Amino acid sequence: MSDAVLETRGLSKAFGALKATDEVSLDLRPGEIHALIGPNGAGKSTLIAQVSGALRPDRGSVRLEGRDVTARSVEARARAGLARTFQISALAMEDSVFENAALGALGASGRPWRFLRPVARDAALRDRAMAALERVGLQDAADTPVSALSHGQRRQLEVAVALTLQPRAFVMDEPMAGLGADGSRRMTGFLDGLRDEAPILLVEHDMDAVFALADRVSVLVSGRVIATGTVAEIRRDPAVQAAYLGDSA
Amino acid sequence: MIRENVLNAGILLAFAAVPLWALWADEPFTITLATRAAILALAAVGLNIALGIGGLVSLGHAAFFGLGGYAMGILAHHAQTYAPLEIGPLTIAGTKSMPVIWITALVASALVAWVIGKLSLRTTGVYFIMITLAFGQMLYYFAISWSAYGGEDGLSIYVRNGFPGLNTLVPIQFFGLTFAVLLAALVLFAALRSSPFGLALNAARQAPARVAAVGLDPARLKLVAFVISGAVTGLAGALYADLNRFVSPTMFSWQLSGELIVLIVIGGVGRLMGPVVGAALFVALEHWLGGLTEYWLIALGGILLGLVLFARGGVIGLLTGKAGPHV
Ligand SMILES: Nc1ncnc2c1ncn2[C@@H]1O[C@H](COP(=O)(O)OP(=O)(O)OP(=O)(O)O)[C@@H](O)[C@H]1O
Ligand SMILES: [Mg+2]
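Residues numbered from 1 in each chain as written. Chains lettered and ligands numbered in written order. Predicted model: local features only at pLDDT ≥ 70, side-chain atom pairs only at ≥ 80, totals over all residues. Heavy atoms only, no water.

Asks: Could you give an account of the sheet that holds strand 8 (residues 200-203) of chain A, naming the residues involved and the relevant values?
Replies: Residues and elements named next belong to chain A. An order of 6-7-8-3-9-10 is seen for the 6 strands of this open sheet, with the pairing classed as mixed. Single-partner strands in this sheet number two, and they are strand 6 (82-85) and strand 10 (224-229). For this sheet, the mean inter-axis angle between neighbouring strands, taken without regard to orientation, is 15 degrees. Here 4 bridges tie strand 3 (residues 33-37) to strand 8, and the two strands are oriented parallel to one another. Residue H34 lies in a different strand from strand 8, and its bridge partner there is L201. (Pairing = 2+ DSSP bridges. Helix = DSSP H or I, 4+ residues; strand = E, 2+ residues; numbered from the N terminus. Axes fitted to C-alpha atoms, helices over the stretch in contact; angles between N-to-C directions.)

In structure tokens, the structure reads:
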């Protein structure tokens, strides 16, 4: 029907009586950054979990490049071209920065069943991992264990791992969280260029970043999308102002 | 890194030196103890693949140790009674050849590990520990009731099985053989750990959601690790049975599964040489303290407690001054 890279239709998920996701239909078009905003507990992460496959919806569907992936696992969706970053960094903490990036490269290669030759001697893996680290500025920290990284560096590594996948779509859950003004600005600049490689569904609380980056914004409140539109449209929308933006609009 | 390599080489040299000294001093029993330590180390190197890299706390690895033991016992029993083994339409001659027995032990343990792993890996944490324990106990009781192969009394094999080019009845030669197998397993462990598979498995222990998010299936990685792990422990079981020329259901006992975990924790979880140091200490303490008092396990418990509380990397972590990668 559309040329959307990623699309949800009537997605619904309840936790007991709580409707965490309520008839959500969204799409992510080529080349765009589609921001998903909403107050704490609105259901953004729950929606991301259903898009990425970690959580089964009660109803509705998820399509990736036109194919219905609703019943497919996280791994299958990743192999089909979906790369997500986590709100709370999910990295192998004891491993080095390089090893975490190499894991992404290994996933992208689809060939984990190699038991004897060291990763360090696999030039293709190494180059792909290092290229991603360089893009986020972590190349000098390649040998540092993740546990020794600053919070901001971990956010960068999250993005670097997603980059190694060379995906068809990015789904990012609060990549700026806890970055500080400076880090936020740098990440904003980086994501700005990234949309040309693959569109980004961006969950973000940082309104400066959202307003600077988003081609379109969807506002989620209590599991429902109450508005979708350009930044200007969203800022003007009275329902959004009432429900969410309040005085900051 | 360098220091750990130097330490590792030193440990192996010391390990090999003990039976050589015993040969010179004419202390054959010490050679037997060293052989026992090498075999327990081999079993624990196998467990260390699942436990140390994959984070799978299996309290049922005696299942594979016992299977390896019975693979040896059954094949050698049929060889010494000249009665072929009949499974349905198949007739298999018994054998006294170690290579054939080893392959049987490896294959049988791998197959059973696949089944146990497939069923156990649906669970995690304490449930995984309990379900692997339950499978181990199932095999234990099965062995007890298996009267064709001695039931509770087990099976005695009169002459140690043979290996081409060696006289396995000579203690130092049998030690050399087990030590070579241990070295091969250590090479395998080191290779696995730094391979693409090892990278993914190591990450699956720490951050399974991340592994799935890059398109790899953490459960399958762990299953394959469990199969390799079980196979190595099964091979150790075959050697252990050959050391004692005897197999019995106690090879399946949960105490043995527990001891394997204990000696990995003592040596250092996930460390290449952790199982070797742990097994050597375990056998040495068992011999010396066990000769002094029945309560030697209390001393072992004290050492274990001290290491867990104050040196989470086990003895290897303590000696290299690096905290363990994990416990
Ligand atoms: N597994 C679960 N079981 C029960 N309730 C859940 C579960 N996961 C999330 N919830 C609830 O669903 C609602 C939406 O949570 P979600 O984490 O998706 O919000 P969010 O928009 O990402 O919030 P934040 O901005 O704080 O990250 C919350 O009320 C949360 O408590
Ligand atoms: Mg959230």
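Next comes the rest of the description.
Asks: Describe the nonpolar core, and please don't skip the residues or the numbers.
Replies: In terms of nonpolar packing, the biggest core is built from 154 residues, with L157(A), F170(A), L191(A), L42(B), W102(B) and L182(B) touching the most fellow members. When residues of this core are assigned to their parent elements, the largest contribution, 17 residues, is made by helix 2 (residues 28-53) of chain B. Looking at which domains feed residues into this core, each of domain 1 (1-81 + 168-249) and domain 2 (95-166) of chain A supplies at least three. In this view, F170(A) contacts L28(A), A83(A), A162(A), L163(A), L194(A), A198(A), P199(A), I200(A) and L201(A); residues no more than four positions away in its chain are not counted. (Core = buried A, V, L, I, M, F, W, Y, C linked by side-chain atoms within 4.5 Å. Buried < 20%, exposed > 50% of the residue type's maximum accessible area, 1.4 Å probe, protein only. Domains from an automatic or database assignment. Contact = heavy atoms within 4.5 Å.)

Asks: Could you give me a rundown of the interface of chain B and chain A, with the residues and numbers involved?
Replies: Contact residues are listed per partner, giving 29 residues for chain B and 32 residues for chain A. Roughly 2500 Å² is buried in total at the junction of chain B and chain A, and carbon and sulfur atoms are behind 67% of that figure. Counting across the interface, chain B meets chain A through 2 salt bridges. Here E94(A) ties to R205(B) by a salt bridge, and the two come within 2.6 Å at their closest N and O atoms. Our count for the chain B to chain A interface comes out at 13 residue pairs in polar contact (both at pLDDT 80 or more). Of all the secondary structure elements, the ones that give two or more residues to the side of chain B that touches chain A are helix 6 (171-194), helix 7 (196-206), helix 8 (208-213) and helix 9 (218-244) of chain B. Considering each element in turn, the side of chain B that touches chain A owes the most residues, 8 residues, to helix 7 of chain B. In terms of residue class, the side of chain B that touches chain A is made up of 19 nonpolar, 6 polar and 4 charged. (Buried area = accessible area lost by both parts, 1.4 Å probe. Salt bridge = Lys/Arg side-chain N within 4 Å of Asp/Glu carboxyl O. Polar contact = N/O pair within 3.5 Å; in protein donor to acceptor, adjacent residues only side chain to side chain. Nonpolar A, V, L, I, M, F, W, Y, C, P; charged D, E, K, R; others polar.)

Asks: Could you give me a rundown of the site of ligand 1, with the residues and numbers involved?
Replies: Residue and element names in this part refer to chain A. In the region of ligand 1, 14 residues are neighbours, and N40, K44, S45, T46 and H205 sit closest. The side chain of N40 places a nitrogen or oxygen atom 2.9 Å from an oxygen atom of ligand 1. Within the backbone of S45, an N or O atom sits 2.8 Å from an oxygen atom of ligand 1. Considered on its own, ligand 1 offers 640 Å² of accessible surface; in the complex 59% of this is hidden by protein. Elements represented by at least two residues in the shell around ligand 1 include exactly strand 2 (18-28) and helix 1 (44-52). Of the residues forming the shell around ligand 1, the biggest block, 3 residues, is contributed by helix 1. Residue classes in the shell around ligand 1 are distributed as 5 nonpolar, 7 polar and 2 charged. (Near = heavy atom within 4 Å. Areas by Shrake-Rupley, 256 points an atom, 1.4 Å probe, with all protein chains shown as cover.)

So yeah, pure geometry; function would need other evidence.
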